[in-house]
Amino acid sequence: MLQPVDIAVAFDAAMTDHQTGAWSQASIRRHLDVPRATLSKSLDRLRHARIIRESFINRRILAALLPLLPNLVPARPLGDRPVRGLVTGFAAPAFGGHFRSAVPQVWELPGGPDVGLPVEPLHDRLPARLAASGDAERHALLAYLDAVRGGRAREVAHGIQGVRLLCGLPAVPGVASQEAVGELMAELVAGLTQAAAC
């Protein structure tokens with residue numbers, strides 16, 4: 001059975017492969033700060049699920065998994081009081097302020113730049129790693145995944161489209177409004193890519 005960290009590992013590998021033409025265990029460790037033993041077990045589960053084989057990533061399976069994330073690895077709230085952390089989901093910069101809420105979701109991080117309701121990240125080391133690295137594209141990818149894991153219908157559609165664009169995934173059958181959000185998401189992802197190149 002897939003674990004939450006497996007989702008982060010698989011989509012990070014897909015994004016790295018899409019951008020550079022190859023991924024490696026070292027790149028995943030560098031991006032996500034996942035311990036070697038955890039990463040090794042995660043890759044074993046991903047191979048068993050036929051998502052990863054050698055250096056091949058089955059993008060069709062990843063695309064099919066996207067709409068299932070709320071059931072497989074839901075974004076669980078960790079409390080009902082605002083905490084400091086790193087913003088995620090629909091309130092993350094990757095969404096360009098298109099969705100509003102009184103209190104955003106955050107990955108709890110002592111001294112973090114944002115305030116919101118805490119939500120469980122895909123791996124406990126991700127918030128600190130993203131805050132330290134300032135990796136806007138990786139933050140966008142994980143925020144899109146969190147929107148899919150725990151957002152409302154429009155947020156889920158935007159999240160799916162963002163993940164598809166960052167990871168080079170095929171269209172997801174049965175997801176409404178892909179074309180409607182596609183142009184906006186392509187613009188946002190292009191902006192992130194340009195910002196990361198600077």
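Rules of the game
Residues numbered from 1 in each chain as written. Predicted model: local features only at pLDDT ≥ 70, side-chain atom pairs only at ≥ 80, totals over all residues. Heavy atoms only, no water. Salt bridge = Lys/Arg side-chain N within 4 Å of Asp/Glu carboxyl O. Helix = DSSP H or I, 4+ residues; strand = E, 2+ residues; numbered from the N terminus. Buried < 20%, exposed > 50% of the residue type's maximum accessible area, 1.4 Å probe, protein only. Axes fitted to C-alpha atoms, helices over the stretch in contact; angles between N-to-C directions. Parallel < 35°, antiparallel > 145°, perpendicular 65-115°, else oblique. Contact = heavy atoms within 4.5 Å. Nonpolar A, V, L, I, M, F, W, Y, C, P; charged D, E, K, R; others polar. Phe/Tyr/Trp six-rings, centres within 6.5 Å; stacked < 30°, edge-to-face > 60°. Lys NZ or Arg CZ within 6 Å of the ring centre and 35° of its normal. Left-handed = near helix turned anticlockwise from the far one by under 90°. Pairing = 2+ DSSP bridges. Core = buried A, V, L, I, M, F, W, Y, C linked by side-chain atoms within 4.5 Å.

Draft legend 1. Summary view of the pattern of salt bridges. Within the structure shown, the criterion is met by nine salt bridges. For Arg59, the salt bridge is made with Asp17, and the minimal N-O distance between the two is 3.0 Å. Taken together, the positions of Arg59 in helix 4 (residues 59–65) and Asp17 in helix 1 (residues 4–20) put the pair 42 residues apart, joining distant regions of the chain. Residue classification places Arg59 among the buried positions, given a relative accessible area of 17%. Of the charged contacts in the structure, one is a salt bridge between Arg138 and Asp135, with a shortest N-O distance of 3.3 Å. Overall, the relative accessible area of 5% leaves Arg138 in the buried class. A residue is classified by how much of its surface remains accessible, and Asp135, at 22% relative accessible area, is partly exposed. When salt bridges with common partners are traced through the structure, they connect Asp12, Asp135 and Arg138 into a single cluster.

Draft legend 2. Quick look at the packing of helix 1 against helix 3 (residues 36–48). At their nearest, the axes of helix 1 and helix 3 sit 9 Å apart, and the two run at 80 degrees to each other. Of the possible angle classes, the one that applies to helix 1 and helix 3 is roughly perpendicular. Here Val5, Asp6, Val9 and Ala10 of helix 1 come into contact with helix 3, specifically with Thr38, Leu39, Ser42, Leu43, Arg45 and Leu46. Its residues assigned to classes, the contact of helix 1 with helix 3 shows six nonpolar, two polar and two charged.

Draft legend 3. Seen up close, the packing of aromatic side chains. Tallied over the entire structure, the rule returns zero aromatic pairs. Between Arg152 and the ring centre of Phe90, over which it is positioned, the NZ or CZ distance is 5.7 Å.

Draft legend 4. Looking closely at the packing of helix 7 (residues 136–150) against helix 8 (residues 153–167). Two numbers describe how helix 7 lies on helix 8: the axes approach to 8 Å, and their chain directions differ by 140 degrees. Taken as a pair, helix 7 and helix 8 cross one another with a handedness that is left-handed. On the side of helix 7, the interface is formed by Glu137, Ala140, Leu141, Tyr144, Leu145, Ala147 and Val148, while helix 8 contributes Glu155, Val156, His158, Gly159, Ile160, Gly162, Val163, Leu166 and Cys167. Looking at the contact of helix 7 with helix 8 residue by residue, the class counts come to 11 nonpolar, three polar and two charged.

Draft legend 5. How the structure looks around the pairing of strand 4 (residues 105–108). Bridge count for strand 3 (residues 83–88) against strand 4 is four bridges, and the pairing is antiparallel. Residue Gly85 lies in a different strand from strand 4, and its bridge partner there is Glu108. As judged from the two bridges shared by strand 4 and strand 5 (residues 114–118), these two strands associate in the parallel manner. Its bridge partner lying in strand 5, Val106 is registered against Pro118.

Draft legend 6. How the structure looks around the environment of Ala140. Following the sequence through the fold, Ala140 ends up in helix 7. Assessed through its relative accessible area of 2%, Ala140 is described here as buried. Here the alpha-carbon distance between Ala140 and Gly159, two residues 19 residues apart in the chain, equals 9.3 Å.

Draft legend 7. Molecular detail of the nonpolar core. Judged by nonpolar contacts, the single largest core of 49 residues is most densely connected at Phe11, Leu62, Leu142, Leu145 and Val163. For this core, the secondary-structure elements that each account for two or more residues are helix 1, helix 2 (25–32), helix 3, helix 4, helix 6 (126–133), helix 7 and helix 8. Counting residues per element, this core draws most heavily on helix 1, at nine residues. Counting five residues, the second-largest nonpolar core is a separate cluster that includes Val87, Ala92, Val106 and Ala143.

Honestly, it's all geometry; don't read function into it.
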